[in-house]
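So you can see what is in the structure, the chains are spelled out below.
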Amino acid sequence: MGDDSSILELSFQMGETLLRNGAEISRVQETMERVARAYHAEKFNVYVLTNAIFAIGREQDGEHSAELKHIPGTTTHLGRISAVNQLSREIEEGKHSVEEARQILREIQKIPYSSLPLATLACGVGSACFSYLFGGDGLDALTAFLCGLVLELYLHWADTCKMTKFLTNLSASALVTLCGAGLFGLGIGHHMDMIIIGSIIRLVPGVALTTSIRDFFHSDYLSGTIRMFDALLVGGCIAIGVGVVVKGISLLTGGSLL
């Protein structure tokens, strides 16, 4: 495969785009099958895992095609997922040729993530809101807001350095806990636990956990298990990062931060 006019190549690229941007396995597989069926590909079969896609089928001209691709890591971009879903519906309605659909897909793949300033502000506001939601007061929310700003900037730096997911979560949770403890020590904030909860909410793998449960409900047990373990490991890294800093500061100061 590799020809842009190939039905199976289009189906594969749409599935890959969904998987790379955090879609659940059943959605990826169903979309690929619908696209192949809409363009009358014969004997199309696809097998999707959390980090790989295997597809095989026969074009209308009788040519057999197959492709296996490893997709090592995924992010979450709901805008791209929604756009691919809309494209697949339009393909089923017969609105696009293969070439037109391929061009639209290229544009979808270029949909950008939020800019760094906007993402940083959103992380800060989200941290402040969750800190307040879980029982913190205004100063706790303010401290969490500042920690959230630092966190998003650090995550951007870690991404540019290609740091592994687990090391990123471990170091990021430790960093925001240290920042929160520093501000708490300066008298900004009254409840260290609420500050920490709000600050680390950006790291919590809620999407991965939710997607794993959806995979289980669709009988994709292997993919669901992989994503569940991934979420649990990320959660463990966050807990270790927070725990090490809190314990270290408690030993140094001779008292409990919380």
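So, a few notes on the structure that sits alongside this text. Predicted model only: the values in this text are computed from it and were never measured.

### Quick notes on the overall build of the protein
- When you go through the protein residue by residue, the secondary structure sums to 10 helices and three strands.
- The order of helices and strands in the protein, counted from the N terminus, is α-α-β-β-β-α-α-α-α-α-α-α-α.
- Based on the C-alpha atoms only, the size of the protein along its principal axes is roughly 75 × 30 × 30 Å.
- Classification of the 258 residues of the protein by burial places 43% in the buried group.
- If you take every contact in the protein between residues at least 6 apart in sequence, the share linking residues at least 24 apart comes to 64%.
- Total accessible area on the protein stands at roughly 13,100 Å², and carbon and sulfur atoms take up 64% of it.
- Taken together, the 19 basic and 26 acidic charged side chains of the protein have centroids lying 2 Å from each other.

### Quick notes on helix α8 (residues 192-200)
- A large share of α8 lies buried, amounting to seven of its nine residues.
- When α8 is considered as a whole, its buried residues turn out to be Met192, Met194, Ile195, Ile196, Gly198, Ser199 and Ile200.

### Considering the environment of Gly136
- Secondary-structure assignment places Gly136 in the loop between α5 (116-133) and α6 (138-160).
- The class of Gly136 is buried, set by a relative accessible area of 9%.
- Look past the residues within four positions of Gly136 in its chain and what remains in contact with it is Ser131 and Met194.

### With respect to the packing of aromatic side chains
- Scanning all chains against the criterion turns up three aromatic pairs.
- A centroid spacing of 6.3 Å and a plane angle of 25° characterise the contact between Phe130 and Phe134, whose relative ring orientation is stacked.
- On the basis of relative accessibility, which here comes to 33%, the residue Phe130 falls in the partly exposed class.
- With a relative accessible area of 44%, Phe134 lands in the partly exposed category.

### Focus: helix α9 (residues 206-217)
- Given a rise of 1.5 Å per residue, 12 residues ought to cover 16 Å, and the 17 Å separating the end C-alpha atoms of α9 matches this to within 8%.
- Turning to α9, its buried residues are Thr211, Ser212 and Asp215. Here the buried residues of α9 occupy an arc of 105° about the axis, which is enough to place them on one side.
- Contact partners of the buried residues in α9: α2 (25-38) and α10 (221-253).

### Considering the packing of α5 against α6
- Closest axis-to-axis distance for the α5/α6 pair is 7 Å, and the angle between their directions is 145°. The hand of the α5/α6 crossing is right-handed. Here Leu116, Ala119, Thr120, Leu121, Cys123, Gly124, Val125, Ser127, Ala128, Ser131 and Tyr132 of α5 come into contact with α6, specifically with Asp140, Ala141, Ala144, Phe145, Gly148, Leu149, Leu151, Glu152, Leu153 and His156.
- When its residues are assigned to classes, the contact of α5 with α6 shows 13 nonpolar, six polar and two charged.

### With respect to the pairing of strand β2 (residues 52-58)
- As judged from the six bridges shared by strand β1 (residues 42-49) and β2, these two strands associate in the antiparallel manner. Along β2, the bridge assignment pairs Val46 with Ala55.
- Linking β1 back to β2 in an antiparallel pair, the connection comprises two residues.

### A few points about the pattern of salt bridges
- A complete count under the given rule lists 10 salt bridges for this structure.
- Here Arg34 and Glu30 are joined by a salt bridge, their closest N and O atoms 2.7 Å apart. With a gap of four residues between them, Arg34 and Glu30 both fall in helix α2, about one helical turn apart.
- In this structure, the salt-bridge partner of Arg202 is Glu152, at a minimum N-O distance of 2.9 Å. In this pair, Arg202 sits in the loop between α8 and α9 while Glu152 sits in helix α6, placing the two residues 50 residues apart along the sequence.

### What about the packing of helix α1 (residues 7-20) against α2?
- The geometry of α1 relative to α2 is characterised by a closest axis approach of 9 Å and an angle of 160° between their N-to-C directions. Relative to α2, α1 is oriented roughly antiparallel. Seen along the crossing, α1 lies across α2 with a hand that is right-handed. Judged by residue contacts, Ile7, Leu10, Ser11, Phe12, Met14, Gly15, Leu18 and Leu19 of α1 engage Ile25, Arg27, Val28, Thr31, Met32, Val35 and Ala36 from α2.
- Among the residues forming the contact of α1 with α2, the class breakdown is 11 nonpolar, three polar and one charged.

### Description of unusual backbone geometry
- Even without a glycine there, the phi angle at Lys162 is positive, about 60°.
- Within the secondary structure layout, Lys162 lies in the loop between α6 and α7 (165-185).
- With a relative accessible area of 69%, Lys162 lands in the exposed category.
- For Ser219, which is not glycine, the phi torsion reads 65° and is therefore positive.

Calculation notes
- Residues numbered from 1 in each chain as written.
- Predicted model: local features only at pLDDT ≥ 70, side-chain atom pairs only at ≥ 80, totals over all residues.
- Heavy atoms only, no water.
- Helix = DSSP H or I, 4+ residues; strand = E, 2+ residues; numbered from the N terminus.
- Buried < 20%, exposed > 50% of the residue type's maximum accessible area, 1.4 Å probe, protein only.
- Contact = heavy atoms within 4.5 Å.
- Areas by Shrake-Rupley, 256 points an atom, 1.4 Å probe, with all protein chains shown as cover.
- Lys, Arg positive; Asp, Glu negative; His and termini not counted.
- Charge placed at Lys NZ, Arg CZ, Asp CG, Glu CD.
- Phe/Tyr/Trp six-rings, centres within 6.5 Å; stacked < 30°, edge-to-face > 60°.
- Expected span 1.5 Å × (residues − 1).
- Arc of directions from axis to C-beta.
- Axes fitted to C-alpha atoms, helices over the stretch in contact; angles between N-to-C directions.
- Left-handed = near helix turned anticlockwise from the far one by under 90°.
- Nonpolar A, V, L, I, M, F, W, Y, C, P; charged D, E, K, R; others polar.
- Pairing = 2+ DSSP bridges.
- Salt bridge = Lys/Arg side-chain N within 4 Å of Asp/Glu carboxyl O.
- Parallel < 35°, antiparallel > 145°, perpendicular 65-115°, else oblique.

Distances and angles like these do not, on their own, reveal function.
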